[in-house]
Amino acid sequence: MRKFKTESKKLLDLMINSIYTNKEIFLRELISNASDAVDKLNFKSLTDDSLQINPDDLAIRVAFDRDARTITVSDNGIGMTAEELEKNLGTIAHSGSQEFKAENADSQGDAVDIIGQFGVGFYSAFMVAKKVQVVSRAYGEDEAHVWESDGLEGYTIEPGERADHGTDVILTLRDNEPGKDGESGEDYDRYLSEWTLKDLIKRYSNYVRYPIKMMVTKSRQKPKPEDAGDDYKPEYEDYQELETINSMTPIWKKRASEVEQSDYNEFYKSTFHDYEDPARTISFHAEGTLEYDALLFVPGRAPFDLYSKDYEKGLALYSSNVMIMEKCADLLPDYYNFVRGVVDSEDISLNISRETLQHDRQLHAIARRIEKKITDDLCDMRDNDREAYEKFFENFGRGLKFGIYNTYGAKADELADLLLFWSAKNQKMITLREYAEAMPAGQKAIYYAAGDDRDRLSKMPVVTGVLTRGYDVLLCTQDVDEFTFQAMREYVAKNMPKVYEDDAAREAAEKAQADGAEPETEDRHLELKNVATGDLDLASEDEKKEAEEATKEHSGLFDAMKEALGDKVEKVAVSSRLVGEGEAPACISTEGPLSLEMEKVLKRGPEGEAEGLPKTQRVLELNAKHPVFAKLTAAQDAGDTEKIKLYAGLLYDQALLVEGILPEDPVAFSQSVCELM
Ligand code: ADP
Ligand code: MG
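Not measured: the values here are computed from a predicted model.

Attention now goes to the pairing of strand S3 (residues 70–75). Taken across its 6 residues, S3 has 6 buried, putting it largely inside the fold. Alternating residues of S3 divide into Thr70, Thr72 and Ser74 and Ile71, Val73 and Asp75, and every residue in both groups is buried. Where strand S2 (residues 60–65) and S3 come together, 6 bridges link them in antiparallel fashion. Among the inter-strand pairings, Ile60 is bridged to a residue of S3, identified as Asp75. As consecutive antiparallel partners, S2 and S3 are separated by 4 residues, and within that stretch Arg69 has a phi angle of approximately 55°, a positive value.

This is the structure:
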């Protein structure tokens, strides 16, 4: 027996003792070797006329024997001589996996993972096999040889038989391992099934250039007997047929113009296990220093686990028609985690480890390009197929908003224009850009209100107040909305028609335009303002003065009310938001960065009931034009402190109710109402 070289031995140990669940990649590795061997022969025949090869005969075969518990991968490629068996399979140094540093992997702890993800070629067979035999006959040789090993200490090479050139790799599967200590065992028998092997071939080796054939069981109707009566029922029988399992030409290598959308849809559905057609298909071919093909899909519906921890983003990564990674996460930014697809580049090495992949500059370049392509496509959908875009946004919009929030606004430039919000004025979803374009002259901010329910929001006094002034309000009903806006701070509407502050400048510009000059544009920076927080700066100078004076005039009343409410509110004041007789008598606004809605969201979160959660600074604003206000001042004049206390509590609670917040003490609230009646 010949001994394995030290490096090989290390790798083998790693392979055999690996508890990695993804042992199934062994088949991908053997098929990829078979494909390489066929390639070599094919190439040789192209350059050497003495070789009589019919390219149509070149193929790979997969077979299994349930009784003997073997799986055989055969090819009619170039084959190996005894020396080549020794050199290629006896030492790792001669395999293409030499870059794999077994020592390195050993010390990294998750070496097991590396093997599973990237494969290290031939030796991966030992993850599932207790014995591996390689029967090979090199092209042009008369003799065949058998390499055999149990993967432990060494291997043997003996003369053998093979009818023609090529190689059979015969795996005798390991015994099933029963689970113990609550850990699941290992079922190797599962590979001894037509269904499993077919599935693995399709999954990992579907686009190998040569046919991968396997005997499959089919069913057919038996011929109808001559003497069959009227009540004859058709009978069926099973039969075996050699079938090509892989589809050979990757759909992403074809030009988009050569592929029907229905083919893309089928590919998408079968590959990514979806029953709905994709909403968008993006396919492109990149050339230059880095060549690759990419085929991307935006799903038509959100996968059920999209927002769960278990969801894994990523694109399938192929190199030389072999899948090297099922989900390469680095190819997609988090906010486009819903995109499915394939990237195929000859320039990426097959035996690359996850660590190198992460720092791979090529990969980053591809990722940047992919991100850009997705953004462009979404913009296109937004502008040209709004209905589809709204559906898309319903599915995945939340993720885009999180993208802005999670990057602290850094990605706002890229993502803000993809967002949609409900316009209270237009009663439909609009973009921030559309909001900006429809703003009346003089409006300086984008107004929004946040809460659970659109209907309720649209009736809130703070919202109707802004609408009455002719400004639109975006009604935001997702918990992430306001956090997103805070991360953005402002929205920049680019290249808007220039607004001229003074008449002379405007007239000059109009004249210039009449003479054929291009209209001037400017970027408009718009603050994002919650209608229920801080100073909206909406009131006219007169209105503001009026409110200030009224607050001063009634300072006695407000002090009394503030005292009645205690630290529930920062202060009580005359509202400059509520100015009409017909509007609500009071509302709650907040000062500082935290809004009532954000407070609600935080309370619902995991830290919900924790002490020290930030609290809003609330202001009870009163509508001085409302009849209730007259009642309050009357009570104050009469020195009726009890009544003021009652009214203050009631107004506060009902203003919160309008915001969808229950009174702290519902019993006291209802008692107060009864008392009043
Ligand atoms: P890699 O494929 O990256 O070179 P492997 O460990 O998968 O590394 O294979 C080691 C070597 O064994 C290959 O480079 C090849 O020379 C040889 N080999 C493996 N399988 C076959 C085969 N079916 N036919 C011919 N040569 C093979
Ligand atoms: Mg290989």
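Strand order in the open sheet made by the 5 strands is S10-S11-S14-S12-S13, with mixed pairing throughout. Only two strands of the sheet have a single neighbouring strand rather than two, namely strand S10 (280–286) and strand S13 (322–328). Across the sheet, the mean angle from the axis of one strand to that of its neighbour is 15°, orientation sign disregarded. Sheet topology places S10 next to strand S11 (residues 292–298); 7 bridges connect them, and they run antiparallel. Looking at S11, one finds that Ile282 is bridged to Leu296. In the packing of helix H7 (residues 261–272) onto the sheet, contacts are made with S10, S11 and strand S14 (340–344), and the angle to S11 comes to roughly 80°. Contacting S10, S11, strand S12 (315–319), S13 and S14, helix H9 (residues 361–384) crosses the sheet at an angle of about 140° to S10.

Let us now look at the packing of helix H15 (residues 479–488) against helix H19 (residues 596–604). Running from N to C, H15 and H19 cross one another at 120°; their axes reach a closest spacing of 9 Å. When the axis of H15 is compared with that of H19, the two are oblique. Relative to H19, H15 is oriented so that their crossing is left-handed. In contact with Asp479, Glu482, Phe483 and Gln486 of H15, H19 contributes Glu597, Met598, Val601, Leu602 and Arg604. Within the contact of H15 with H19, the residues separate by chemical class into 4 nonpolar, 1 polar and 4 charged.

Time to look at the packing of aromatic side chains. The full count for this structure, using the stated rule, is 31 aromatic pairs. Taken together, a centroid distance of 5.5 Å and an interplanar angle of 65° make the contact between Phe338 and Phe392 edge-to-face. Pair noted here: Phe338 is in the loop between S13 and S14 and Phe392 is in helix H10 (residues 386–406), with a separation of 54 residues, a long-range link. Judged by its relative accessible area of 2%, Phe392 is buried. An aromatic cluster is defined as three or more aromatic residues linked by ring pairs; in this entry it consists of Tyr207, Trp252, Phe267, Tyr268, Phe272, Phe297 and Tyr318. Looking at Lys327, its charged tip hangs above the ring of Tyr311, at a distance of 5.9 Å from the centre. If you follow Arg454 out to its NZ or CZ, it ends over the ring of Trp422, 3.9 Å from the centre.

Along the polypeptide, Asp472 turns up in the loop between helix H14 (461–468) and strand S18 (473–476). Here Ser423 takes part through its side chain, which lies 2.7 Å from a polar atom of the side chain of Asp472. Side-chain polar atoms of Asp472 contact the backbone nitrogen of Ala424, separated by 3.3 Å. Those residues in contact with Asp472 that sit more than four places away from it in its chain are Ser423, Ala424, Lys425, Asn426, Ile430, Tyr435, Tyr447 and Leu467.

Further remarks concern helix H6 (residues 194–205). With 12 residues, H6 should reach 16 Å at 1.5 Å per residue; the first-to-last C-alpha distance of 16 Å fits that figure. Structurally, H6 contributes buried residues whose contacts are with helix H2 (25–47), S2, S3, strand S8 (212–221) and S13.

Here we take up the environment of Gly160. As for its position among the elements, Gly160 is in strand S6 (residues 154–160). Taking C-alpha positions, Gly160 is 8.9 Å from Arg137, a pair spaced 23 residues apart along the chain. When near neighbours in sequence (up to four residues on either side) are disregarded, Gly160 contacts Ala144, His145 and Val146.

A few words on the sheet that holds strand S1 (residues 2–3). As summarised here, the arrangement of the 9 strands in space is S1-S6-S5-S4-S7-S3-S2-S8-S9, forming an open sheet in which the pairing is mixed. On the outer flanks of this sheet lie S1 and strand S9 (236–244), each paired with one strand and no other. Relative to strand S7 (residues 166–173), strand S4 (residues 129–137) runs antiparallel, the two being bridged by 8 bridges. Among the inter-strand pairings, Ala129 is bridged to a residue of S7, identified as Leu173. The strands touched by H6 within the sheet are S2, S3, S8 and S9, with S8 carrying the most contacts at an inclination of about 130°.

Structurally, Thr431 is set in the loop between strand S16 (428–430) and helix H12 (432–437). The class for Thr431 is buried, based on a relative accessible area of 5%. Beyond its immediate chain neighbours, meaning those up to four positions away, Thr431 contacts Arg382, Arg386, Asp417, Leu419 and Leu420.

Across the protein, the average pLDDT comes to 86, with 92% of residues at or above 70. Confidence drops under a pLDDT of 50 for residues 93–119, and excluding neighbours within four residues, the segment shows 63 contacts in the predicted structure.

Calculation notes
Residues numbered from 1 in each chain as written. Chains lettered and ligands numbered in written order. Predicted model: local features only at pLDDT ≥ 70, side-chain atom pairs only at ≥ 80, totals over all residues. Heavy atoms only, no water. Buried < 20%, exposed > 50% of the residue type's maximum accessible area, 1.4 Å probe, protein only. Helix = DSSP H or I, 4+ residues; strand = E, 2+ residues; numbered from the N terminus. Pairing = 2+ DSSP bridges. Axes fitted to C-alpha atoms, helices over the stretch in contact; angles between N-to-C directions. Contact = heavy atoms within 4.5 Å. Parallel < 35°, antiparallel > 145°, perpendicular 65-115°, else oblique. Left-handed = near helix turned anticlockwise from the far one by under 90°. Nonpolar A, V, L, I, M, F, W, Y, C, P; charged D, E, K, R; others polar. Phe/Tyr/Trp six-rings, centres within 6.5 Å; stacked < 30°, edge-to-face > 60°. Lys NZ or Arg CZ within 6 Å of the ring centre and 35° of its normal. Polar contact = N/O pair within 3.5 Å; in protein donor to acceptor, adjacent residues only side chain to side chain. Expected span 1.5 Å × (residues − 1). pLDDT = per-residue confidence, 0-100.

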